[in-house]
Amino acid sequence: MFIELDNGVDTPIYQQIVEQIKLAVECGELEPGQQIPSIRQIAHDADVNPNTVAKAYKILERDQVIESKGYRGSFIKPKASQFLHQNMHSKVEKELLAAIGKLRQIGAIDSEIRNSFNAIMKKNSE
């Protein structure tokens, strides 16, 4: 499997990896049970930070497309094709837009919303 990344587009590198693996499953290039390249291998081949690839794999696991089997590697899940079109980004964006709308209705200004959001994210990541 070859991952082709484009730094000249707005799509983040990790998202490009997610999309290409999902497309490979959809097209049958990757089949259920098939092992996919390791994080280190993709990072080396694509000349990207391993943390970027790890982020993509974490998203693919969350979306139930792959499963990690520890030191044995990562594999395409048996029913991965059922979950290819999940789009958590759209769901999150929809929920944030609704929350921002409610906050604006009660008089919050954008800088207050932004500062509160950043503070909450920082606190929750510790």
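Residue positions within a chain follow its written sequence, with the count starting from 1. It should be noted that, the model being predicted, local features are given only for residues of pLDDT at least 70 and side-chain atom pairs only at 80 or more, the latter also being counted only at that level, while totals for whole chains, interfaces and linings use all residues. With hydrogens and water stripped out, all remaining heavy atoms of the structure feed into the side-chain values.

**Q** Quick question: what am I supposed to make of the packing of aromatic side chains here?
**A** Between two aromatic rings, the relevant description is the distance of the centres plus the angle of the planes. Put simply, two rings from Phe, Tyr or Trp (the six-membered ring, in Trp's case) pair if the centres are within 6.5 Å, and we call them stacked under 30 degrees between planes, edge-to-face over 60, tilted for the rest. A complete count under the given rule lists zero aromatic pairs for this structure. Above the ring of Y14, the side-chain terminus of K55 is found at 4.1 Å from the ring centroid. In this analysis the charged atom, NZ for Lys or CZ for Arg, is taken to sit over a ring once it is within 6 Å of the ring centre and within 35 degrees of the ring normal. The aromatic ring of F75 is capped on one face by K69, whose charged end is 4.8 Å from the ring centroid.

**Q** It is not clear to me how the pattern of salt bridges should be interpreted in this structure. Could you clarify?
**A** Two side chains carrying opposite charge are able to pair once their charged atoms lie near each other. For salt bridges, the criterion is a side-chain nitrogen of Lys or Arg within 4 Å of an Asp or Glu carboxyl oxygen. The tally for this structure, following the rule as stated, stands at three salt bridges. Among the ionic pairs, K22 bridges to D63, the shortest N-O distance being 2.9 Å. With a gap of 41 residues between them, K22 in helix α1 (residues 13-26) and D63 in the loop between α3 (50-62) and β2 (66-68) connect regions that are remote in the sequence. Neither residue differs from the other here; K22 and D63 are each classed as buried. A salt bridge links D110 to R104, with the shortest nitrogen-to-oxygen separation between them at 2.9 Å. We classify D110 as partly exposed; its relative accessible area is 36%. It is possible to trace a salt-bridge network through shared partners that takes in K22, R62 and D63. Each helix corresponds to a stretch of at least 4 residues labelled H or I by DSSP, and each strand to a stretch of at least 2 residues labelled E; elements are numbered beginning at the N terminus. Buried, partly exposed and exposed residues are distinguished by accessible area as a fraction of the type maximum, computed with a 1.4 Å probe on protein chains only: under 20%, between the cut-offs, and over 50%, respectively.

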